[in-house]
Each structure stands twice: as C-alpha cells, then as structure tokens.
Amino acid sequence: MNSSVLINPNALRVGMYIQLEVGWMRHPFPVNSFRIVSDSQLQTLKALGLDAIRYFPALSEIASFESVGDADAAPAHAAPMTQLAPAAPGDAAEAAQARPPEPGSALEPASHALPPLWRRCDERFRAAAREYMQLYACAAAQPEQALAKSHGMVQGYLQDVLPAGDLVIRLLSESSGHRQAEHPVNVTVLCLLLGRTLGMNAADLYELGLAALLHDIGKDPKPGATPMPRVQYERHVGDSVALAMGMGVSSDVLTAMAQHHEFADGSGFPLHLIGEDLSAAGKVLCLVNAYDRLCNPEFAQEGQTPHEALSVLYAQYRERFDPAILKAFIRMMGVYPPGSVVQLADGRFAMVVSVNSSRPLKPQVLVYDAQVPLAQALPLDLEMFEEIGIRRSLRPDQLPREALSYLSPRQRICYFFERAVEPCAPKEQAP
C-alpha cells in the first residue's frame, strides 16, 4: 500500500509521483496520476493555482520526502491508496463543481477560455491596436509624431524578439476593437518572427517591422460588402509610401512597403516586379500580408482557416513567393497554425491556440469536453505527450454542433507573441 501526503506545489520536484485531485480536464495532463519528468511539467503544475497536490514518496524516484521540508506537507486525510488511475469522467465533473477556481488562479474564467497567464498577450495586442489607430490618425498632419510612435512600437516588439530563446505565437480573442488595426499588427508580429527565423540582424528586423507596421497606412478604409474598384485599391500602395516618406523613414523601409503586393512571378502590382527585383524585406512582407489576407479577408467573403491558408500558399501560390522564405514560414507556423480546428488521434475535437515557433509540430490545443465548462478548460500541451497527435484539420462547419459552440472558432484571426517560459530550478522551501 502506498501512503501519500499533501504538499505545496512549490515543493514539487522532477521524479515525484503525484495525483491531481481535480477534474481531469481542469489540467492539461492526459491522466490525473503520473511521475513528473520535466521542468516544463513543473511549471504547468505550479500555474494551476492549487493549494496542495498529493505526493506518493514510495512511487517517486527522488530522495525521501523529508528532504523537501516538512513545512510544505500536511497529514494525509484519506486512507492509503492501492491503485492510481485517471479520474473517470463523472468524477471529473464532480471535482470541477466541488472545487471552484480561486480568484487570480490559472483556472479563473478568461475570455474564450484562455488561461489568465495568456491575458498579457491579449492586452498587448489591444494596446498595439490602439497605438496603431493613434499613429494612423496623425500620419498626415503630424508626421514626426507618427514616426516616433512607429519607432516606439517596433522597438518594443524587438525587446522580445531579439534575445535568444523560444517565442510562442498565441491565438487571441476575436477582436481588438479596432478592425482596421488588426491586419497591420498581425503582419508586423508575424514579419518580425519570420525575420528572426531567417536570421535577420537587429537593424534589418527594425526596418522590416517598420515597413510591416506602415504598409497600409495610406489605405482609406471603406466598410462594405464588396471590394472597391481595382484601380482605387491598388492606389493604396503609393499613398502609403507617400505618407511614410513624409514621416522620414529610410529608403529600405519605403522599398519594402512598395513591394508588399509584388509577387516573385511578376503577377503582383503596381510594377509587376519579379523575384530578383525584390528586397528581402519586401519578400517577407508580401508573404505574410498574403497569409493574413487569406485568414482575414478585407471584405465580407469568408476567410480560410489558418491551416487552409498555409495549404493554399504552398499548393496554389508557391510560385509567387521566395521558396526559402515560404518554407521557413510554414516551419515557423507549423502545419496547424493557431486558430486551426483539428481532430486529435484519439478522436477528440480541438482548436490550436498556441505554437512554439521553434517546435511547431506539437502545439497547445483547447479540447472540446462536454463535461467541463468552457471557462474552466485548460489547453492541452501536445509537446508534453508523444502519444497524442493531430489526425487531421477540419473546417468549422465539419464540427459537431456542440463542439462548434464550445470551441467557437474565430472568424477573425489575431496573433501576438511572448517569450516561452524558460525552465528553471524550483526554489528550495525553508524547513
């Protein structure tokens, strides 16, 4: 028989065998009882916001429990357990009702069921959208102020992009509140991440980020269900370049902006340039702009899922883009970018909510489970579990009605990024 004790989550160590006494879909692990094998699992356990976690010394592969400090333990209130197994679905629902999330914990309800530790990304995107609208408003009349605001925004992003380490691409809530700003912010974020993947230096990344942020600054938004006349639409490229020129940006930034609709096969506009005529920044900006417009069409037509958008770029339009840049973009975003609706290998339905740009084949997914309230659902990190994979991508209309309502696939895809949590050794508890 295996005795157990309750310990503070901060006292957990790699090698400990533990049991989570909450509903099995209120945590991202496929079972409730398991041995901790990595620092990333430790970080996830601590982020759950639990007061205590049941620990089984006899089943663990570390030093005796006394070595972690008796101050973190509490007497076991239940009889010793002879068998450890995943909680049954009924038990999961009962546990979820019996133990509501504490305020400020990782289980507290959040927008679209994303955990609070992701709220910072959502808030940063909304702040960026507000800043872009301020920039847009003053670009013509106050070009120096517009340039200063643009510089501040791009430099702020580079503080996260430039240092070594992994970055996570997050799917955000439905809208920033400024639809006109969503596209340039999305494009800036993805351009900087792609430029980093391609090995661009700090100066080149800055100019790429500035070109991405300003590429549509001269576009006059006309809400409506139908596209504007082609000649009028194409004019926004020159209008944007003219405004940026008045702001005093560099010639390299102006060149990239002027090329954001130019394709390597000569089918773009306004000059029908070919690949050898395009700058590196122009090629990156053109590709990312095309991807975001497939996901988020400018007018009323239905957007494609992120997985479909990548498939279209590669299968139908790959001649339009630099092959090395397209390959790097697909590798960075993963086969199933954030926002993709998928079916897992075990048959469950899910939505991809984040991708580590260095390890994109194992994203985090939000899994449909009718027994767990949406506000209490936590993402499942596929990177932690080799046995769980993605079987296929789906369109939202292929989901069962209940799964569609639960997962609520986004009609507008918004992205932001943050640095991945770096593994670190837990602090020792005082005796």
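None of the values given here were measured: they were computed from a predicted structure.

1. Overview of the overall build of the chain
So, point 1. If you tally the helices and strands in the chain, you get 12 helices and 12 strands.
So, point 2. Of the contacts made within the chain by residues no fewer than 6 positions apart, 73% connect residues no fewer than 24 positions apart.
So, point 3. Of the roughly 18,900 Å² of accessible surface on the chain, a fraction of 54% belongs to carbon and sulfur atoms.

2. What about helix H11 (residues 323-333)?
So, point 1. Taken together, the buried positions of H11 are Ile 325, Leu 326, Ala 328, Phe 329, Met 332 and Met 333. With its buried residues spanning 165° around the axis, H11 presents them on a single face. Opposite its buried face, H11 presents the exposed residues Pro 323, Ala 324 and Lys 327, each directed more than 90 degrees away.
So, point 2. With a side-chain oxygen positioned 3.0 Å from the backbone nitrogen of Ala 324, the residue opening H11 is Asp 322.
So, point 3. Looking at the residues trailing H11, positive phi occurs at Gly 334, about 85°.

3. A word on the pattern of salt bridges
So, point 1. Counted according to the given criterion, the structure contains 9 salt bridges.
So, point 2. Linking Arg 293 and Asp 216 is a salt bridge whose minimum nitrogen-to-oxygen distance equals 3.8 Å. With Arg 293 in helix H9 (residues 280-295) and Asp 216 in the loop between helix H6 (202-214) and helix H7 (230-247), this residue pair connects regions lying 77 residues apart in the sequence. Residues Arg 293 and Asp 216 agree in their burial class; the two are buried.
So, point 3. Three or more residues joined by partner-sharing salt bridges are found here, namely Asp 216, Lys 219, Arg 293 and Glu 298.

About the criteria used
Residues numbered from 1 in each chain as written. Predicted model: local features only at pLDDT ≥ 70, side-chain atom pairs only at ≥ 80, totals over all residues. Heavy atoms only, no water. Helix = DSSP H or I, 4+ residues; strand = E, 2+ residues; numbered from the N terminus. Contact = heavy atoms within 4.5 Å. Areas by Shrake-Rupley, 256 points an atom, 1.4 Å probe, with all protein chains shown as cover. Buried < 20%, exposed > 50% of the residue type's maximum accessible area, 1.4 Å probe, protein only. Arc of directions from axis to C-beta. Polar contact = N/O pair within 3.5 Å; in protein donor to acceptor, adjacent residues only side chain to side chain. Salt bridge = Lys/Arg side-chain N within 4 Å of Asp/Glu carboxyl O.

The values are spatial; any link to function lies outside them.
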